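Each chain, letter by letter, is given below.
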Amino acid sequence: MYARDKARIATPVGTVTVWGDHVAVASITIDAADLPLNGGSARAVRAAAVQLEEWFGGTRRDFDLPLLPAVSPRGEALRAAMCAIPYGEAWSYGRLAAAAGSSARAIGQACARNPYPIVVPCHRVTNADGTLGAYSAGAGSHTKAWLLDFEARDRRGLL
């Protein structure tokens, strides 16, 4: 990635910043503080900002973005497994681990290191007893709860 660009959008969970270039999105962060907004000009960055705005607007459920590959084939498989969790559902670390042929601990580590919150929906991964578990983006479990509730309300047609 040579010249990095960024776009910042205001969302109900804080300022979402997309980093990348014309080819791929490099990372997405959620900041609780209000940061100056900008649109970004690189194709992949702009596409991510638009798709995130659509997601928060309730008109998009899936993302179609060029992301940088995970650092290993195993990481790519775990990312794909997270992306396979249906919109509006929450799976336990153990359930996702079984589906991915992995361990709950590996799923937890992949979630904690996820550079693409919301787009790679690690917020949909919860503890076996249904409690939220950790979330490394935004305001942590508060942000995770908001994202899960948002998707659940959308699936019920309450948005």
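As a starting point, this report considers the structure included with it. (Residues numbered from 1 in each chain as written. Predicted model: local features only at pLDDT ≥ 70, side-chain atom pairs only at ≥ 80, totals over all residues. Heavy atoms only, no water.)

**Focus: the overall build of the protein**
From N to C terminus, the protein includes five helices and five strands. Whereas a compact globule of 159 residues would reach a radius of gyration of roughly 15 Å, the protein reaches 15 Å, a difference of no more than 12%. In the protein, which comprises 159 residues, the proportion classed as buried is 43%. Looking at the protein alone, contacts between residues at least 24 apart form 53% of all its contacts between residues at least 6 apart. (Helix = DSSP H or I, 4+ residues; strand = E, 2+ residues; numbered from the N terminus. Rg over C-alpha atoms; globule rule 2.2 N^0.38 Å. Buried < 20%, exposed > 50% of the residue type's maximum accessible area, 1.4 Å probe, protein only. Contact = heavy atoms within 4.5 Å.)

**Looking at the state of the cysteines**
For the structure shown, the criterion picks out zero disulfides. Cys122 supplies the cysteine sulfur nearest to Cys83, a cysteine that is in no disulfide, at a spacing of 9.7 Å. Owing to a relative accessible area of 41%, Cys83 belongs among the partly exposed residues under this scheme. Unpaired in terms of disulfides, Cys111 finds its nearest cysteine sulfur in Cys122, a separation of 5.1 Å. (Disulfide = S-S within 2.5 Å.)

**Digging into the sheet that holds strand E2 (residues 14-20)**
If you walk across this open sheet you meet the three strands as E1-E2-E3, and the pairing is antiparallel. The open sheet is flanked by strand E1 (5-11) and strand E3 (25-31), the only strands paired with a single partner. On average, each strand axis in the sheet is tilted by 15° relative to the strand beside it, whichever way the strands run. Pairing of E1 with E2, which is carried by seven bridges, proceeds in the antiparallel orientation. (Pairing = 2+ DSSP bridges. Axes fitted to C-alpha atoms, helices over the stretch in contact; angles between N-to-C directions.)

**Some points on the pattern of salt bridges**
Here the structure, examined in full by the defined rule, presents six salt bridges. Two residues, Arg60 and Glu54, come together in a salt bridge whose shortest N-O distance is 2.7 Å. One salt bridge in this structure joins Arg61 and Asp154, with 3.4 Å as the shortest N-O distance. With Arg61 in the loop between helix H1 (43-56) and helix H2 (73-83) and Asp154 in helix H5 (residues 141-155), this residue pair connects regions lying 93 residues apart in the sequence. By relative accessible area, Arg61 is classed as partly exposed at 39%. For Asp154, a relative accessible area of 11% translates into the label buried. (Salt bridge = Lys/Arg side-chain N within 4 Å of Asp/Glu carboxyl O.)

**Concerning the nonpolar core**
In this structure, Leu52 and Ile107 are the most contacted members of the largest nonpolar core, which totals 42 residues. The dominant element in this core, judged by the number of residues it contributes, is H1, at seven residues. Discounting residues that sit within four places of it in the chain, Leu52 has contacts with Ile9, Val16, Val18, Ile28, Phe63, Ile118 and Val119. (Core = buried A, V, L, I, M, F, W, Y, C linked by side-chain atoms within 4.5 Å.)

**Focus: the environment of Met82**
Of note, Met82 is situated in helix H2. Apart from the residues within four sequence positions on either side, Met82 is in contact with Leu96, Ala110, Cys111, Val120, Pro121, Cys122 and Val125.

**A short note on helix H4 (residues 104-112)**
Think of an α-helix as turning once every 3.6 residues; residues three or four places apart then point the same way. Of the positions making up H4, those classed as buried are Ala106, Ile107, Ala110 and Cys111. For H4, the angular spread of the buried residues around the axis is 140°, confining them to a single face. Of the surrounding elements, those touching the buried residues of H4 are H2, helix H3 (93-100) and strand E5 (125-126). (Arc of directions from axis to C-beta.)

**Comments concerning the side chain of Arg8**
By secondary structure assignment, the location of Arg8 is in strand E1. Lacking a salt bridge, the buried Arg8 has Asp31 as its closest oppositely charged neighbour, with an N-O distance of 5.3 Å. There is a polar contact of 3.2 Å between the side chain of Arg8 and the side chain of Thr17. Not counting the four nearest positions on each side in its chain, Arg8 is found in contact with Thr15, Val16, Thr17, Leu35, Pro36, Leu37 and Asn38. (Lys, Arg positive; Asp, Glu negative; His and termini not counted. Polar contact = N/O pair within 3.5 Å; in protein donor to acceptor, adjacent residues only side chain to side chain.)

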